[in-house]
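Each chain, letter by letter, is given below.
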Amino acid sequence: MRKESKIKLVKMLNIGIIEDVAMVRLMLEKYLNDQHDIRCALSAASVEDFLLAPIALDAVPGIVLCDIDLPGRSGIEGISLIKRRFPQTEVIMLSVHIDSERVCKALCEGASGYLEKGTPLPILKRYLFETMQGGSPMSPSVARHVVRYMQAHTPAVG
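Our subject in this report is the structure included herewith.

What follows covers the pattern of salt bridges. Throughout the structure, instances matching the rule amount to 7 salt bridges. Residues Asp34 and Lys30 are paired through a salt bridge, measuring 2.8 Å at the closest nitrogen-oxygen approach. Placement of the pair is Asp34 and Lys30 together in helix H1 (residues 22-34), with a separation of 4 residues, close to one helical turn. Taking the shortest distance from any N to any O, the salt bridge between Lys125 and Asp37 comes out at 3.4 Å. With Lys125 in helix H5 (residues 121-132) and Asp37 in the loop between H1 and strand E2 (38-44), this pair connects stretches of sequence that are 88 residues apart. Of the two residues, Lys125 and Asp37, neither departs from the other in class, the shared state being buried.

Listed below in structure tokens is the structure:
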């Protein structure tokens, strides 16, 4: 009888980052590249630079973490452009802005999730893998804004 292997193959998750604050961008890159199952494949300070960067086929990002306030096009404007270049890529907004208008606009444009910039890095990592398994991560305070927005814009039943 053959023994089954207990070794799990770890699939490398390629991540893209669009963040104009160099210190934040470099901190995210370092943390992600220090993980054994994540690689920061592409990083830029603007949507335009991100879209112009050459990338190998094996490094296409599965997820792009994108800020909103960027030089040039905003992160929200960039969602459709990112998805046009990388159709299978998920975009997660990572922002200090958690007002319902921006959150809902980003989600309507095609973002798969919306996280506060202060999200602890280990939780961010968990959210990245949850996204690749079909989840849509939201920081609790962001989810509260979505709930309030939906309640205010939905006719009462009854």
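Tracing the backbone shows Asn14 in strand E1 (residues 13-18). Reaching out from Asn14, the side chain makes a polar contact with the side chain of Arg39 at a distance of 2.7 Å. Apart from the residues within four sequence positions on either side, Asn14 is in contact with Arg39, Ala41, Asp58, Ala59, Val60, Pro61, Gly62 and Ile63.

Moving on, we come to empty space enclosed by the protein. The full count for this structure, using the stated rule, is 1 cavity of 30 Å³ or more. What lines the largest cavity is simply Ile17, Ile18, Glu19, Leu28, Leu65, Cys66, Asp67 and Leu94. For the lining of the largest cavity, the secondary structure elements donating two or more residues are E1 and strand E3 (63-66). Within the lining of the largest cavity, the residues separate by chemical class into 6 nonpolar, no polar and 2 charged.

This brings us to the nonpolar core. Grouped together as the largest cluster of nonpolar side chains are 24 residues, with contacts concentrated most on Ile18, Phe50, Cys66, Ile82, Met93, Ala106 and Tyr114. For this core, the secondary structure elements donating two or more residues are E2, helix H2 (47-52), E3, helix H3 (75-85), strand E4 (90-95), helix H4 (100-109) and helix H6 (140-152). For this core, the leading source of residues is H3, giving 4 residues. Not counting chain neighbours up to four residues away, the residues in contact with Met93 comprise Cys66, Asp67, Ile68, Gly75, Ile76, Ile79, Ala106, Ala111, Gly113, Tyr114 and Leu115. Membership of the second largest hydrophobic core comes to 16 residues, among which are Leu32, Ile38, Ile92 and Leu115.

On inspection of all chains with the given rule, the structure shows 0 disulfides. Unpaired in terms of disulfides, Cys40 finds its nearest cysteine sulfur in Cys66, a separation of 13 Å. Relative accessible area serves as the criterion here: at 14%, Cys40 is assigned to the buried category. The thiol of Cys104 is not disulfide-bonded; the next cysteine sulfur, from Cys108, is found 6.3 Å away.

Criteria and thresholds
Residues numbered from 1 in each chain as written. Predicted model: local features only at pLDDT ≥ 70, side-chain atom pairs only at ≥ 80, totals over all residues. Heavy atoms only, no water. Salt bridge = Lys/Arg side-chain N within 4 Å of Asp/Glu carboxyl O. Helix = DSSP H or I, 4+ residues; strand = E, 2+ residues; numbered from the N terminus. Buried < 20%, exposed > 50% of the residue type's maximum accessible area, 1.4 Å probe, protein only. Polar contact = N/O pair within 3.5 Å; in protein donor to acceptor, adjacent residues only side chain to side chain. Contact = heavy atoms within 4.5 Å. 1 Å grid on protein atoms, 1.4 Å probe; cavity = no way out; pocket = protein on both sides within 12 Å on 5 of 7 lines; lining within 4 Å. Points joined across faces, edges and corners; volume = space filled by probe spheres on them. Nonpolar A, V, L, I, M, F, W, Y, C, P; charged D, E, K, R; others polar. Core = buried A, V, L, I, M, F, W, Y, C linked by side-chain atoms within 4.5 Å. Disulfide = S-S within 2.5 Å.

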